[in-house]
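Structural characterization, general
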Amino acid sequence: SQQGEEDPQALSIQEGENATMNCSYKTSINNLQWYRQNSGRGLVHLILIRSNEREKHSGRLRVTLDTSKKSSSLLITASRAADTASYFCATVPMDSNYQLIWGAGTKLIIKP
Amino acid sequence: EAGVAQSPRYKIIEKRQSVAFWCNPISGHATLYWYQQILGQGPKLLIQFQNNGVVDDSQLPKDRFSAERLKGVDSTLKIQPAKLEDSAVYLCASSSRPAGGYGYTFGSGTRLTVV
């Protein structure tokens, strides 16, 4: 079953601008993870944020988590052409076998 | 460290034929996952192994799909017979801990086209 829903489904911005993607989920979680997938490639883990955390940073990436709203956002600052990819959020629900439940992804296009 | 290795990279078969995919996880990773990703969708878990035991195969279509992980290392996923709707990318991932508290490492996947 699909837990996460990314918003928007597609996003096209100019290089240098910031890109924000959102993820909503339905059940209580242990943690939430963001992944990137370049066309025709495997998924690359970006950031994991635990349910007791509110914000995490990694380079140009900033992830926030609002457990009261069951939502997360991924911000990519100063976007580059190489950031063009699909971005997926995945949650690990509480009381699960620690499996990832995936959304359908946001397709991000950075225009040079 | 070496990543998760998958082969083949691409495979085209006719419906009703059989196909097998191979995965070699990162050394020491006890947990291994097979996912199916249909174009435009997020990955769907097919099966999760912990060492060589199955943790969850509830979404594996067992009438045609099978998977094994011998000696808790390499794994193979087989489809027999294949249907058109099996066209997808099959991703293998491994994790050092089963708790999902750490990111998973994915292979590059096998793109299967059933014609």
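One structure accompanies this document, and this report is about it.

Conventions and cut-offs
Residues numbered from 1 in each chain as written. Chains lettered and ligands numbered in written order. Predicted model: local features only at pLDDT ≥ 70, side-chain atom pairs only at ≥ 80, totals over all residues. Heavy atoms only, no water. Pairing = 2+ DSSP bridges. Helix = DSSP H or I, 4+ residues; strand = E, 2+ residues; numbered from the N terminus. Phe/Tyr/Trp six-rings, centres within 6.5 Å; stacked < 30°, edge-to-face > 60°. Buried < 20%, exposed > 50% of the residue type's maximum accessible area, 1.4 Å probe, protein only. Axes fitted to C-alpha atoms, helices over the stretch in contact; angles between N-to-C directions. Polar contact = N/O pair within 3.5 Å; in protein donor to acceptor, adjacent residues only side chain to side chain. Contact = heavy atoms within 4.5 Å. Salt bridge = Lys/Arg side-chain N within 4 Å of Asp/Glu carboxyl O.

1. Topic: the pairing of strand β5 (residues 43-50) of chain A
All names here are of chain A.
- Looking at chain direction, strand β4 (residues 29-37) and β5 are connected through seven bridges and run antiparallel. Residue pairing in the sheet places Trp34 in a bridge with Ile47 of β5.
- Count of turn residues in the β4/β5 antiparallel hairpin: five residues, of which Gly40 carries a positive phi of about 75°.

2. Side note on the packing of aromatic side chains
- For the structure shown, the criterion picks out 10 aromatic pairs over all chains.
- Considering the side-chain rings of Tyr33(B) and Tyr104(B), the 4.4 Å spacing of their centres and the 15° angle between planes classify their relative orientation as stacked. On the criterion of sequence distance, the pair formed by Tyr33(B) in strand β4 (residues 31-37) and Tyr104(B) in the loop between β9 (88-95) and β10 (105-106) is long-range, its members being 71 residues apart. Take Tyr33(B) and Tyr104(B): they sit in the same class, and that class is buried.
- Considering the side-chain rings of Tyr35(B) and Phe106(B), the 5.7 Å spacing of their centres and the 45° angle between planes classify their relative orientation as tilted. On the criterion of sequence distance, the pair formed by Tyr35(B) in strand β4 and Phe106(B) in strand β10 is long-range, its members being 71 residues apart.
- Among the aromatic residues, ring-to-ring pairing joins Tyr35(A), Phe88(A), Trp102(A), Tyr33(B), Tyr35(B), Tyr104(B) and Phe106(B) into one connected group.

3. Focus: the sheet that holds strand β1 (residues 5-7) of chain B
Residues and elements named next belong to chain B.
- Taking strand neighbours across the sheet as the criterion, the four strands line up as β1-β3-β8-β7 in an open arrangement whose pairing is antiparallel. Each edge of the open sheet carries a strand with a single partner, namely β1 and β7 (65-68). For this sheet, the mean angle separating the axes of adjacent strands, direction not counted, is 15°.
- Summarising the sheet, strand β3 (residues 19-24) and strand β8 (residues 75-79) pair through five bridges and their orientation is antiparallel.

4. A word on the side chain of Ser75(B)
Residues and elements named next belong to chain B.
- Looking at the element boundaries, Ser75 is found in strand β8.
- Here the side chain of Ser75 touches Trp34 through a polar contact of 2.9 Å, side chain to side chain.
- Separated by 2.9 Å, the side chain of Ser75 and the backbone oxygen of Glu68 make a polar contact.
- Aside from chain neighbours lying at most four places away, what touches Ser75 is Phe21, Trp22, Cys23, Leu32, Trp34, Phe49, Glu68 and Arg69.

5. Digging into the pattern of salt bridges
Residue and element names in this part refer to chain A.
- Under the definition given, this model contains four salt bridges over all chains.
- When the shortest N-O distance is used, the salt bridge between Asp83 and Arg60 registers 2.9 Å. Residue Asp83 is found in the loop between β8 (71-76) and β9 (85-93), and its partner Arg60 is found in the loop between β6 (55-58) and β7 (61-66); the two are separated by 23 residues along the sequence.

6. Observations regarding the sheet that holds strand β3 (residues 19-24) of chain A
Residue and element names in this part refer to chain A.
- Taking strand neighbours across the sheet as the criterion, the five strands line up as β1-β3-β8-β7-β6 in an open arrangement whose pairing is antiparallel. Across the chains shown, the open sheet's two edge strands, defined by having one partner strand only, are β1 (5-7) and β6. Within this sheet the neighbouring strands show an average axis-to-axis angle of 15°, counted without direction.
- Here β6 runs beside β7; their pairing, made up of four bridges, is antiparallel. Paired with His57 across the two strands is Arg62, which belongs to β7.

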